[in-house]
Amino acid sequence: MDSVETSQADTFPFGRGLIQIVDVPPLDPGIYSLTPDEAQFFKAATGINDDNMLRTHILSAQEKAYKVAHVPFGVAPYPCILDFAFVRMWITKQPVYQDILDIGRERPDAIFLDLGCCFSVDSRKLALDGFPARGIISSDIKKEFLELSHFLFRTSNDTWAGHSVQGGVLDPEMLSVAPITRGSKVGSLPDLSALTSLNPLHGHCSVINVSCFLHLFTEEQQLHLARALAGLLSPEPGSLICGTQFSKKEKGSVTTFFGSSKPILFCHSPESWMELWDGIVFEKGEVEVKVNTQPFLIAGQTLDNMVWSVRRL
């Protein structure tokens, strides 16, 4: 596949609003790589067993998603697409991954919400490992990502039992802040195949996954979204919200580098993130919050990556 050339400037959704990236870096097929576990997953999920054919297919999906001026059907030039972070099966990095699978097996109406899903790789991995696909909902602001998930995994609405909802999480018509559900569940489950927003899921989500997503928003927006996610969570003990995001030793802004632009992220510290969930969003002692960090290289810059989970007690 020919590499996509550099674009002078492009504008795309970036959490708090729109961001313009100047000199969008070109795609480089030479940095493509899969670990043995990733290769095994993508072969099983796509039905493509030949390594070279799989590489060509994933590169094609990447190119369709990476928008520059002369690619009419692209989506957005996110660094995670450029650097193949979208293939990394982030959900499996979670220490609570087995707990998530157990929830899918043990709860008859378990719902897994994959928010900011991109290609929905986490959703597909979870289904392959045994979580019932009928209870999986993938959501992204860009409907093209939901469509590209079908392209990447060679499925359709008829062959994939999971569901998708397109919309922006700061839109109250899509996701509003509701009181945290305590005690028993609220009413019966909505028809997941008919969802046009996430609001009917208030109090029903067994697991909510937000990988590589919340650091795109301001500090105030992250608090707002944490409260919104808490309102979606099932009151059943063991229900989980989990994710990954960039962090700092002390919370504050981080300047990143992409092309000739310098997007600014707000990053919590592990301590401030734990305090936000246990005592601000939920009442103190109502949840168990676990956080660990590890270095992560993206777009030539090493940042601290926080892997975290919030479990209802």
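Predicted model only: the values in this text are computed from it and were never measured. (Residues numbered from 1 in each chain as written. Predicted model: local features only at pLDDT ≥ 70, side-chain atom pairs only at ≥ 80, totals over all residues. Heavy atoms only, no water.)

1. Focus on the overall build of the chain
The cut-off we apply is this: Secondary structure elements are defined from DSSP: runs of H or I of at least 4 residues count as helices, runs of E of at least 2 residues count as strands, and each element is numbered from the N terminus. Any residue under 20% of the maximum accessible area for its type is buried, any over 50% is exposed, and the rest in between are partly exposed; the area is computed with a 1.4 Å probe on protein chains only. Contacts are assigned to residue pairs that have any heavy atoms within 4.5 Å of one another. In these tables, accessible area is a Shrake-Rupley quantity obtained with a 1.4 Å probe, and a residue counts as shielded only by the protein chains included in the view.
Each helix and strand in the chain was counted, giving eight helices and eleven strands. For the chain, the residues scored as buried account for 56% of the 313 residues in total. When contacts within the chain are restricted to residue pairs at least 6 apart in sequence, long-range pairs at least 24 apart make up 69% of them. In the structure as shown, the chain presents an accessible area of about 13400 Å², 51% of it carried by carbon and sulfur atoms.

2. Let's talk about the pattern of salt bridges
Put simply, the test is: Each reported salt bridge corresponds to a side-chain nitrogen of Lys or Arg within 4 Å of a carboxyl oxygen of Asp or Glu.
Applying the stated criterion across every chain yields a total of twelve salt bridges. The closest approach of N and O atoms between Asp-278 and Lys-284, which form a salt bridge, is 3.7 Å. Here the salt bridges share partners, and the residues they tie into one network are Asp-99, Glu-288 and Arg-311.

3. Details of the side chain of Ser-120
Secondary-structure assignment places Ser-120 in the loop between strand 3 (112–115) and helix 5 (121–128). Its relative accessible area of 2% is what places Ser-120 among the buried residues. With residues up to four places along the chain from it excluded, the contact list for Ser-120 reads Asp-114, Ser-138, Ser-149 and Phe-153.

4. Regarding unusual backbone geometry
Phi angles above zero are rare outside glycine, and Cys-118 is one such case at about 55 degrees. Among the secondary structure elements, Cys-118 is positioned in the loop between strand 3 and helix 5. The phi dihedral of Cys-212 is positive, around 55 degrees, even though this residue is not glycine. Along the chain, the position of Cys-212 falls in the loop between strand 6 (207–211) and helix 7 (219–232).

5. Quick notes on the environment of Pro-190
Tracing the backbone through its elements, the reader meets Pro-190 in the loop between strand 5 (163–166) and strand 6. Along the primary structure Pro-190 and Leu-201 are separated by eleven residues, whereas in three dimensions their C-alpha atoms are 7.1 Å apart. Apart from residues no more than four positions distant in its own chain, Pro-190 is found in contact with Leu-195, Pro-200, Leu-201 and His-204.

6. Focus on the sheet that holds strand 6
One key point about sheets: their strands pair by backbone hydrogen bonds, in either a parallel or an antiparallel sense. Heads up, the condition is: For two strands to be treated as a pair, DSSP must find no fewer than two bridges joining them. Note on definitions: angles span 0 to 180 degrees between N-to-C directions of axes, and those axes are lines fitted to C-alpha atoms, for helices only across the stretch in contact.
Taken in spatial order, the seven strands make up an open sheet running 5-4-3-6-7-11-10, and their pairing is mixed. The outermost strands of the open sheet, each flanked by one partner alone, are strand 5 and strand 10 (287–298). Sheet twist, expressed as the average angle between the axes of neighbouring strands with direction ignored, equals 20 degrees. One ladder, built from three bridges, connects strand 3 with strand 6; its direction is parallel. Across the sheet, Phe-112 pairs through a bridge with Val-207, a residue of strand 6. Those strands touched by helix 5 are strand 3, strand 4 (136–140) and strand 6, and its axis lies near 155 degrees from that of strand 3. Sitting on the sheet, helix 8 (residues 270–277) touches strand 7 (240–247), strand 10 and strand 11 (301–312), and the angle it makes with strand 10 is about 145 degrees.

7. Overview of the nonpolar core
Defined as follows: We call a set of buried Ala, Val, Leu, Ile, Met, Phe, Trp, Tyr and Cys residues a nonpolar core when their side-chain atoms join them within 4.5 Å.
By size, the foremost hydrophobic cluster in this structure holds 47 residues, and its most contacted members are Leu-201, Trp-277, Phe-282 and Trp-308. Within the residue set of this core, elements represented by two or more residues are strand 3, strand 6, helix 7, strand 7, strand 9 (264–267), helix 8, strand 10 and strand 11. The greatest single-element share of this core, amounting to six residues, is contributed by helix 7. For Phe-282, the contacting residues outside a window of four places in its chain are Ile-180, Ala-230, Leu-233, Trp-277, Val-287, Val-310 and Arg-312. Residues Leu-54, Leu-59, Phe-86 and Leu-152 belong to the second largest nonpolar core, which totals 27 residues.

8. Looking at the environment of Arg-55
By the element assignment, Arg-55 lies in helix 2 (residues 51–65). Spatially, the C-alpha atom of Arg-55 lies 9.6 Å from that of Ala-39, the residues being 16 residues apart in sequence. With residues up to four places along the chain from it excluded, the contact list for Arg-55 reads Pro-29 and Tyr-32.

9. Considering the confidence of the model for the chain
Going by this rule: The quantity known as pLDDT measures the predictor's confidence residue by residue, on a range of 0 to 100.
When the pLDDT values of the chain are averaged, the result is 90; 88% of them are 70 or greater. Taken together, the stretch residues 1–9 has pLDDT below 50 and engages in 31 contacts with residues farther than four places along the chain or on a different chain. Across residues 68–73 the pLDDT falls below 50, and counting only partners more than four positions away or on other chains, this stretch makes twelve contacts in the model.

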